[in-house]
Amino acid sequence: MAHPARDARLEELLGPVVAREDLELDTVVRTRSGGTPLVRVTVDTPLVEGAGEQARVDSDTLAAVSRAVSAALDRADPIDGEYLLEVSTPGAERELTEPRHWKRQVGLPVRVKLRDGGHVSGRVRAADDVSATLETDGGTTTIEYANMKKARARVELGSKD
């Protein structure tokens, strides 16, 4: 599969469509799948800061937003020829690329690969527009996003007790 590229034009077109379904547009990327153009739309529930664990998109809502996105693309016809459309949520182990992703992870585990080659795993205690604070086995550490090479949410298995 080709490397996906964000499509700001499609994000602008689809943002209001997704918002009408009470969701937030995360990204729209264009890539190819087996030679066929693919438009991948990722949606999520709106971030409610300080609300604890965030709500998730249920399958009925995802189906409704998928139909709305498909209809909007059909009306606007921004892509020449046939293409595949994929509408989904970010997933449990999403890549954390923006401050809003980090804010959704407060209280949840992450793994960070640092630009200097090191790794840090821990639970996000706070996140702002510049950095995230993690609680690790060695204490608490604050890492600026600029010092992160890659970061992913982690799935927590078992009880929290």
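Residues numbered from 1 in each chain as written. Predicted model: local features only at pLDDT ≥ 70, side-chain atom pairs only at ≥ 80, totals over all residues. Heavy atoms only, no water.

### Details of the domain arrangement of the protein
Accessible area lost upon the coming together of the parts is a frequently used measure of interface size. Here the protein is described as being made up of domain 1 (8-88) and domain 2 (99-153). A C-alpha centroid distance of 27 Å is found between domain 1 and domain 2. Contacts between the two partners involve 10 residues from domain 1, matched on the other side by five residues from domain 2. Here domain 1 packs against domain 2, burying approximately 670 Å² in sum over the two surfaces, 40% of which is carbon and sulfur. Here domain 1 is connected to domain 2 by four salt bridges. Across the salt bridge formed by D44 and R104, the nearest N and O atoms sit 3.5 Å from each other. Along the contact surface separating domain 1 from domain 2 lie four residue pairs in polar contact (both at pLDDT 80 or more). (Domains from an automatic or database assignment. Contact = heavy atoms within 4.5 Å. Buried area = accessible area lost by both parts, 1.4 Å probe. Salt bridge = Lys/Arg side-chain N within 4 Å of Asp/Glu carboxyl O. Polar contact = N/O pair within 3.5 Å; in protein donor to acceptor, adjacent residues only side chain to side chain.)

### Observations concerning the sheet that holds strand β5 (residues 109-114)
Here we have five strands laid out as an open sheet, ordered β8-β7-β6-β5-β9, and antiparallel in their pairing. Unpaired on one side and paired on the other, β8 (139-144) and β9 (148-153) mark the two borders of the sheet. Ignoring strand direction, the axes of neighbouring strands in this sheet form an average angle of 40°. As paired strands, strand β7 (residues 131-136) and β8 are joined by six bridges and run antiparallel to one another. Paired with L134 across the bridge in β8 is T141. (Pairing = 2+ DSSP bridges. Helix = DSSP H or I, 4+ residues; strand = E, 2+ residues; numbered from the N terminus. Axes fitted to C-alpha atoms, helices over the stretch in contact; angles between N-to-C directions.)

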